[in-house]
Amino acid sequence: MKGMLQSLRALLRLKPAQKLTRDYLISLFIAVALALLVGAGIMVICGHDPVQGYTALLNGALGKPRAVGNTLAKTVTLCLTGLAMSLAAKAGMFNVGGEGQLYLGAMAAAVVGAQVKGAPAWLVVVLSLLAAMIAGGLYALLPAALKVKWKVDEVITTIMLNSVAIYFCSYLANGPLKTAERGIATGTDSIMKEAAFTPLIKLSNLTTGVFYAAVVALLVWYVMSRSSIGFEMKLTGENDRFAKYGGISTGRLMIWSMIFSGAICGMVGMLEVFGLHKRFLTTVSNEFYFDGMLVAMIMRYNPFGVILMSFFFAILSIGGKSMELTAGISSELILIVQSVIIFFMAAETGIRTSIGNWWSVRKARRASGKEAA
C-alpha cells in the first residue's frame, strides 16, 4: 500500500514546476506520433488496416455534426477536470478526489433542480450551479485543512474521500432520494424541465452548458497565467518555504486552491445533470476526473495546454467508439495509445538526456579522432 501511494505521488509530481517549453512540445508531438505508430502496429498484427482504422476514428469524432458535438462535449468535461487538477497542483496541492467532488456536485444540483419549484428557470440554474460548486468546494476543504494544519498527505485523504462521496450519493439515489418514476432504477427525481440545458447540435451531448464552461476556463487561465495570485500559487507550488519567507500566506493559498478545484469538479457534475441526464444517476461519471488528471499532467498544468490536449483526447475517446463499430477495431486500442503517450511523456526528460549524452559522447569521439589524425 505504501509503495503504491509513493508511486502515485511520483506520478502526480510529473514536472509540475516546469514550463511548456519548445523542446517539451516537440517531445510531446513525437510521443503522440510514436503512440499512433504503436497503435497502427497493433492493428496490423490483429489483421486490420491502420489507414481504415484511423479514418474511422476521425470520421467518428469529426465526420458529422453530431460527432463534432459529442467531441466538443467530451472536451468540455476533460478541460474542466484538467483545469481543476491544474489549479490545485500549481499551489502544491494534489487533488485526487475530484471524482467524489463531482458526484457531490451532481447530487446537490439534482436536488436543488428538482425541489425548487415555481421559480424562473434561470434562477433554478444559478441556484443549482451554486449548490454544486459549494458542495464540491466544501468537500475539498477537508483534505486541504488536514494538509495545511496537520500535514496529512492530501493524496491519501482525497483518494479515500472519493469512495465515501460516491457510496454516499449512491445510497441517497437508491434510498431517501430515490425517484418514484417508472423506468428509473437508481436515480433522483428529474430536474425542472425548463431549467435543463438546451442542445446546441441535434442528437449530440453538446448543450448550452458549454458557455458556463468557457467562462470558467477563461477565469482559470487568467488567474493562473495573468494574475498576481497565479504567481503566488506558482511560488508556493515550487517552494512553499521560500514563498512563506517572501510574505505569501501559503497555507491560505493552498486551501483556497483546493476549494476552487473542488468547486470546478462540482460544476462538472452539475453540467452532466442539467445537460445530459436531467437527474442524478449513479452512473453520472465514468471516472471523468482521472482522465482530466492525465490531461493536466501531460500538459504540465498549463491551462492553455490542457484545453488543447483535452480536444485531442476527446477525439480519441469519441472516435474510438466509432472505430469499433465501423471498422471492427476494439476501442481498447485507444487506451493503449493514451498509455503510450503518457509513458513517453513521463520518460521524456530521461530519454532526452540519454540522447543528449549519447550525442555528446559521439561528438567527443569524432573530435578526438580528428586530433589523433
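What counts and how
- Residues numbered from 1 in each chain as written.
- Predicted model: local features only at pLDDT ≥ 70, side-chain atom pairs only at ≥ 80, totals over all residues.
- Heavy atoms only, no water.
- Helix = DSSP H or I, 4+ residues; strand = E, 2+ residues; numbered from the N terminus.
- Rg over C-alpha atoms; globule rule 2.2 N^0.38 Å.
- Buried < 20%, exposed > 50% of the residue type's maximum accessible area, 1.4 Å probe, protein only.
- Expected span 1.5 Å × (residues − 1).
- Bend = angle between axes of the 7 residues up to and from the residue.
- Polar contact = N/O pair within 3.5 Å; in protein donor to acceptor, adjacent residues only side chain to side chain.
- Contact = heavy atoms within 4.5 Å.
- Salt bridge = Lys/Arg side-chain N within 4 Å of Asp/Glu carboxyl O.
- Axes fitted to C-alpha atoms, helices over the stretch in contact; angles between N-to-C directions.
- Parallel < 35°, antiparallel > 145°, perpendicular 65-115°, else oblique.
- Nonpolar A, V, L, I, M, F, W, Y, C, P; charged D, E, K, R; others polar.
- Phe/Tyr/Trp six-rings, centres within 6.5 Å; stacked < 30°, edge-to-face > 60°.
- pLDDT = per-residue confidence, 0-100.
- Patch = residues over 30% accessible without salt bridge, like charges linked within 9 Å, V, L, I, M, F, W, Y side chains within 5 Å.
- Areas by Shrake-Rupley, 256 points an atom, 1.4 Å probe, with all protein chains shown as cover.

Along its length, the protein carries 15 helices and zero strands. Scaling as 2.2 N^0.38, a compact globule of 373 residues should have a C-alpha radius of gyration of about 21 Å, and the protein matches this with 23 Å. Expressed along its principal axes, the backbone C-alpha trace of the protein runs to roughly 95 × 60 × 40 Å. Relative to its 373 residues, the protein shows a buried fraction of 48%.

So, on to helix 6 (residues 121–150). For helix 6, which comprises 30 residues, the first-to-last C-alpha distance of 44 Å matches the rise-based estimate of 44 Å (1.5 Å per residue) to within 8%. Where helix 6 bends most, the angle comes to about 25 degrees, and this point is Leu-142, followed within four residues by the proline Pro-143. Following helix 6 by one or two positions, Lys-151 adopts a phi angle in the positive range, close to 60 degrees.

In this structure, Thr-158 sits in helix 7 (residues 154–174). Assessed through its relative accessible area of 1%, Thr-158 is described here as buried. A distance of 2.5 Å separates the side chain of Thr-158 from the backbone oxygen of Glu-154, its partner in a polar contact. Within the structure, Thr-158 has its side chain in polar contact with the backbone oxygen of Val-155 (distance 3.2 Å). Discounting chain neighbours no more than four positions away, the residues touching Thr-158 are Phe-94, Asn-95, Val-96, Gly-97, Pro-143 and Met-258.

So, on to the pattern of salt bridges. What the rule picks out here adds up to two salt bridges. Between Lys-147 and Glu-154 there is a salt bridge whose closest N-O contact spans 3.4 Å. For Glu-154, a relative accessible area of 0% corresponds to the buried category. As a salt-bridge pair, Arg-279 and Glu-181 come within 3.0 Å of each other at their nearest N and O atoms. Taken together, the positions of Arg-279 in the loop between helix 11 (250–277) and helix 12 (288–298) and Glu-181 in the loop between helix 7 and helix 8 (209–226) put the pair 98 residues apart, joining distant regions of the chain.

On to the packing of helix 3 (residues 50–62) against helix 4 (residues 65–90). The contact between helix 3 and helix 4 brings their axes to 5 Å, and the two run at 85 degrees. Judged by the angle between their axes, helix 3 and helix 4 are roughly perpendicular. For the pair formed by helix 3 and helix 4, the contact residues are Asn-59, Gly-60, Ala-61 and Leu-62 on the first element and Ala-67, Val-68 and Thr-71 on the second. When the residues that make up the contact of helix 3 with helix 4 are grouped by side-chain class, the tally is four nonpolar, three polar and no charged.

Take the side chain of Ser-285 next. Considering the arrangement of structural elements, one finds Ser-285 in the loop between helix 11 and helix 12. Of note is the side chain of Ser-285, whose polar atom sits 2.6 Å from the side chain of Glu-99. Beyond its immediate sequence surroundings of up to four residues, Ser-285 is in contact with Glu-99, Leu-102 and Tyr-103.

So, on to the packing of aromatic side chains. Centre distance and the angle of the planes are the two values used to describe a pair of aromatic rings. For the structure on display, the rule yields six aromatic pairs. Arranged with centres 6.4 Å apart and planes meeting at 70 degrees, the rings of Tyr-289 and Phe-290 form a pair that is edge-to-face. On the basis of relative accessible area, Phe-290 is assigned to the partly exposed category, the value being 29%. Among the aromatic residues, ring-to-ring pairing joins Phe-197, Tyr-212 and Phe-274 into one connected group.

Attention now goes to the confidence of the model for the protein. Averaged over every residue, the pLDDT of the protein is 87; residues scoring 70 or more account for 91%. Mean pLDDT per element in the protein: helix 1 (residues 2–12) is the minimum at 48, and helix 5 (residues 98–115) is the maximum at 97. When the criterion is pLDDT under 50, residues 1–5 qualifies, and its contacts beyond four places in sequence or with other chains add up to three contacts.

Turning our attention to helix 12. Across the eleven residues that make up helix 12, a large majority, eight, are buried. Of all the positions in helix 12, only Phe-288, Tyr-289, Gly-292, Met-293, Val-295, Ala-296, Met-297 and Ile-298 are classed as buried. Once helix 12 ends, the next one or two residues include Arg-300, with phi positive near 55 degrees.

Among the surface-exposed residues, Trp-122, Val-126, Leu-127, Leu-130, Ile-134 and Leu-138 lie close enough to one another that they form a single nonpolar patch of about 600 Å² accessible area. Within the secondary structure layout, Ile-134 lies in helix 6.

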